[in-house]
Amino acid sequence: MRYYINKAVSAAELTRSLPDLIPDAAMRRRMSKMVRMGVATGMECLGKEYPADSVDAIITATGLGCLEDSEKFLRNLTENDERLLNPTPFIQSTFNTVGAQIGLLCRNHCYNMTYAHRGRSFESALLDAMLLFDGDMYRNILVGAVDYTIPAQLEIMQRMGFWRKGDPGEGAFFFLISDQPGENCLGVLTDLQFLSNDEQSEREVSIYNDYEQSGIFPTASAAVLFDALQQLKDGRMKEVRISNSYRNELPSIMTLECI
Amino acid sequence: MRIPVIGVGIASALGINVEDNLQAIAKKRSGLGPVTLFQTHHDVPVGEVKFCNKELKEILGLNVNNSYSRTALLGMLAASRALSDAGITSASTLRIGLISATSVGGMDLTEDFYPEFLQDPRKGRLRMVKSHDCADSTLQIAEYCNIKGFTTTISTACSSAANAIMLAARMLEKGMLDYVIAGGTDALCKFTLNGFHSLMILDQAHCRPFDASRAGLNLGEGAAYIVMAGKEYGGEATPYGYLSGFSNANDAYHQTATSSTGEGATRSMLGALKMAGIEPGKIDYVNVHGTGTPNNDASEGAALLNVFGDRIPPFSSTKAFTGHTLAAAGGIEAVYSLLALRDNMIFPGLNFRVCEDERLKPQTDFQTGVSLKHVMSNSFGFGGNSSTLIFSR
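Residues numbered from 1 in each chain as written. Chains lettered and ligands numbered in written order. Predicted model: local features only at pLDDT ≥ 70, side-chain atom pairs only at ≥ 80, totals over all residues. Heavy atoms only, no water.

Undergrad: Give me the lowdown on the overall build of chain B, citing residues and values where you can.
TA: Looking only at helices and strands, chain B has 11 helices and 12 strands in total. By the compact-globule yardstick of 21 Å for 393 residues, chain B fits well, its C-alpha radius of gyration being 19 Å. In terms of its C-alpha atoms, chain B occupies a principal-axis envelope of roughly 60 × 50 × 40 Å. A total of 393 residues make up chain B; the buried ones form 66% of that total. Working note: accessible area of chain B is about 13,000 Å², and carbon and sulfur atoms make up 49% of it. (Helix = DSSP H or I, 4+ residues; strand = E, 2+ residues; numbered from the N terminus. Rg over C-alpha atoms; globule rule 2.2 N^0.38 Å. Buried < 20%, exposed > 50% of the residue type's maximum accessible area, 1.4 Å probe, protein only. Areas by Shrake-Rupley, 256 points an atom, 1.4 Å probe, with all protein chains shown as cover.)

Right, dumping it as structure tokens:
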């Protein structure tokens, strides 16, 4: 089975404005940066060429979820001693907020799933999409990964010694995957292997995700995939195998070919 | 689709084994009570698992001085019991996967860490935040149960565990694993209690699903897992039943409220029926999501009418027994649905008195000796996430 990645969008390279992507100003205002960038990136990836009803599933991944909202609610709860709390950050702190809001914005009633499994969150989302395609009822699936840092997390992870191995990273990346190649197809996902912890790095790979380019964050392999697709598209590489094992656990290898 | 379920494990406010849960339901004894796990100003009933963290660690044979989130402890308890119920002892030699769901993860420890950290960012014990992410509880459960195969974590709020069961079934169908243990776990914590309080959907009294006077939900906690086997299964254990259909759909109406038309729930129920290849009339019992909030029950009721017309099968919500256990709810209710199916029982809903619509009257008596062939279980979550499972004889 070949899974065609017909479009990829990074939050760092959005071409449309936020009000264009998320027209509802009140909705935009309620969103933390993580939710706003995730939803905007997902909406740009759907774009005009993929209207809402042409997408059969929306699958998102996040290692740490909506940290800004979680912390805001926790801070209010602590400082106000459980009294008169604004529910908005609680509502938005749910891990599936980004995928749910994309579904809501385009009134898409289809399958909507969210994975939160540390360094394997994004690969789990890809696996889900691949299984849906294998069922032969799905044509286009939106898959994305979103993780944004907050100061409290940077501080805590600093104390844990996390940044000794590299700098913190963040971002939102969405991919439109289809069962057929589109006009601007970037590359083809051909395989995804999940290894056990003692199996890691025994296989030959072309990109070992060392988090140097992307910075360290749980869904950084989505950033690596984004870069690899540009290289496949412009012919710098014919085939690429991306190895990922965030914090030296949950290793996986994805294989891509040029179209 | 016909995936055998060969083991179940449960920890809820009704007890930490199947027998205690069944007995309480048969006697119509609710597990709801006051909050004892932490200090709070909110005087509302909750469904706590009746063991503190230290007791849970002792039961599990863990070092009581080690730090584990309550979410992980509850999960370890239910998952390990599901595995032994399935007769699986040498976990490492088989291709066994774990697909777990949680919505609070290690928040029960993070919220204890945070006040000190807020005063001074150099303070607060780091061991209390290392289990913050959702993956932590899953990986702790995998380690405890010696599961070395595929693991992942799903987090789609209150439908999470049902979604974990769906992914597990799809991986088994594909032959990627021999067995999967799937379900969910969530501990009660200040964060969620205050969250639902801020939404003004906590009932001060025991919840009353589908009753005209219903005024909100009660929070609960717990964990439940089922063990499903792949195509090659030829083991001795008699299956509880078979997962025959499932579906996930999006209500796409509002981030927390559900549509008055029950769009998402209608779609998920119809999708599951289609996969199971059965007519709506074949469903013998529905374990509804039935949180007891005015909004959920109205929406789910509308969806039941959409799907079943005037012939709605016997249905009930078990939330007045356990409280709403969030990401674990789909797992706990899958276990209840399987027990109902295996033993030909229909579970009562508690606290129902005044009917709103004659067609939407939940079962209020514990019934045995009925004949059940197909049981449906609904779970709905924030973001319009709607999931339905069908278990068949």
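That was the structure; now back to the text.
Undergrad: Got a sec to walk through the overall build of chain A? Specific residues and values, please.
TA: Within chain A one finds nine helices and nine strands. In terms of overall dimensions, chain A has a C-alpha envelope of 55 × 45 × 30 Å along the principal axes. By residue count, 64% of the 259 residues in chain A fall in the buried class. The contacts of chain A with a sequence gap of at least 6 include a subset with a gap of at least 24, amounting to 79%. Counting every atom, chain A has about 10,200 Å² of accessible surface; 46% of that belongs to carbon and sulfur. (Contact = heavy atoms within 4.5 Å.)

Undergrad: An account of helix α7 (residues 190-198) of chain B is requested, with residue identities and associated values reported.
TA: Structural remark: α-helix, 3.6 residues per turn; residues separated by three or four positions point the same way. With seven of nine residues buried, α7(B) lies mostly within the body of the structure. Those residues of α7(B) that sit buried are Phe191(B), Thr192(B), Leu193(B), Asn194(B), Gly195(B), Phe196(B) and Ser198(B). Buried residues belonging to α7(B) abut α4 (67-79) and α5 (88-92) of chain A together with α4 (107-119) of chain B. The first or second residue beyond α7(B) is Met200(B), which carries a positive phi of 60°.

Undergrad: Give me the lowdown on the pattern of salt bridges, citing residues and values where you can.
TA: It is possible for side chains bearing opposite charge to pair when their charged atoms get close. A full pass over the atoms with the stated rule returns 26 salt bridges over all chains. A salt bridge links Glu249(A) to Arg118(A), with the shortest nitrogen-to-oxygen separation between them at 2.8 Å. With Glu249(A) in the loop between β8 (239-244) and β9 (252-257) and Arg118(A) in the loop between β3 (111-115) and α7 (121-134), the pair connects residues that are 131 residues apart, well separated along the chain. A residue is classified by how much of its surface remains accessible, and Arg118(A), at 6% relative accessible area, is buried. For Asp133(B), the salt bridge is made with Arg118(A), and the minimal N-O distance between the two is 2.7 Å. (Salt bridge = Lys/Arg side-chain N within 4 Å of Asp/Glu carboxyl O.)

Undergrad: Tell me about the state of the cysteines, residues and numbers included.
TA: Tallied over the entire structure, the rule returns zero disulfides over all chains. Not engaged in a disulfide, the cysteine Cys106(A) finds its nearest cysteine sulfur in Cys110(A); these two sulfurs lie 9.3 Å apart. (Disulfide = S-S within 2.5 Å.)

Undergrad: Break down the nonpolar core for me, with residues and values.
TA: Considering soluble globular proteins, one finds that nonpolar side chains tend to be buried as a cluster. By size, the foremost hydrophobic cluster in this structure holds 104 residues, and its most contacted members are Ile59(A), Phe122(A), Phe175(A), Leu256(A) and Met228(B). In terms of residues, this core owes the most to one element, helix α6 (residues 160-173) of chain B, which gives 10 residues. Within the second largest apolar cluster, 36 residues are counted, among which are Leu64(A), Phe90(A), Leu219(B) and Phe382(B). (Core = buried A, V, L, I, M, F, W, Y, C linked by side-chain atoms within 4.5 Å.)

Undergrad: Hey, could you go over the layout of surface pockets for me, with residue numbers and the actual values?
TA: The rolling of a water-molecule-sized probe over the atoms marks out the regions of remaining empty space. Estimated volume of the largest pocket: approximately 750 Å³. For the largest pocket, the lining is made up of 23 residues, of which Leu132(A), Met137(A), Tyr138(A), Phe246(B) and Met275(B) are closest to its centre. Secondary structure elements with two or more residues in the lining of the largest pocket: α7 of chain A together with α6, β6 (241-250) and α8 (263-276) of chain B. Considering only residue class, the lining of the largest pocket consists of 11 nonpolar, five polar and seven charged. (1 Å grid on protein atoms, 1.4 Å probe; cavity = no way out; pocket = protein on both sides within 12 Å on 5 of 7 lines; lining within 4 Å. Points joined across faces, edges and corners; volume = space filled by probe spheres on them. Nonpolar A, V, L, I, M, F, W, Y, C, P; charged D, E, K, R; others polar.)

Undergrad: Any details on the pairing of strand β6 (residues 187-194) of chain A? Residues and values, ideally.
TA: Residues and elements named next belong to chain A. Bridging between strand β1 (residues 3-10) and β6 involves three bridges; their strand directions are antiparallel. For Ile-5, the partnering residue across the bridge sits in β6 and is Gly-187. Relative to β9, β6 runs antiparallel, the two being bridged by six bridges. Each residue of the ladder has a partner; that of Asp-191, found in β9, is Thr-255. (Pairing = 2+ DSSP bridges.)

Undergrad: For the side chain of Ser12(B), give the residues involved together with the corresponding values.
TA: Residue and element names in this part refer to chain B. Relative to the elements of secondary structure, Ser-12 occurs in the loop between β1 (3-11) and α1 (18-26). On the basis of relative accessible area, Ser-12 is assigned to the buried category, the value being 1%. Of the polar contacts made by the side chain of Ser-12, one reaches the side chain of Asn-21; its length is 2.6 Å. Beyond its immediate chain neighbours, meaning those up to four positions away, Ser-12 contacts Asn-21, Val-49, Glu-221, Thr-322, Ile-332 and Tyr-336. (Polar contact = N/O pair within 3.5 Å; in protein donor to acceptor, adjacent residues only side chain to side chain.)

Undergrad: How would you summarise unusual backbone geometry if you had to cite specific residues and measurements?
TA: Of note in the backbone geometry, Met200(B) takes a positive phi value of approximately 60° without being a glycine. Looking at the element boundaries, Met200(B) is found in the loop between α7 and β5 (222-229).

It is worth stressing that arrangement in space is one thing and function is another; only the former is reported here.
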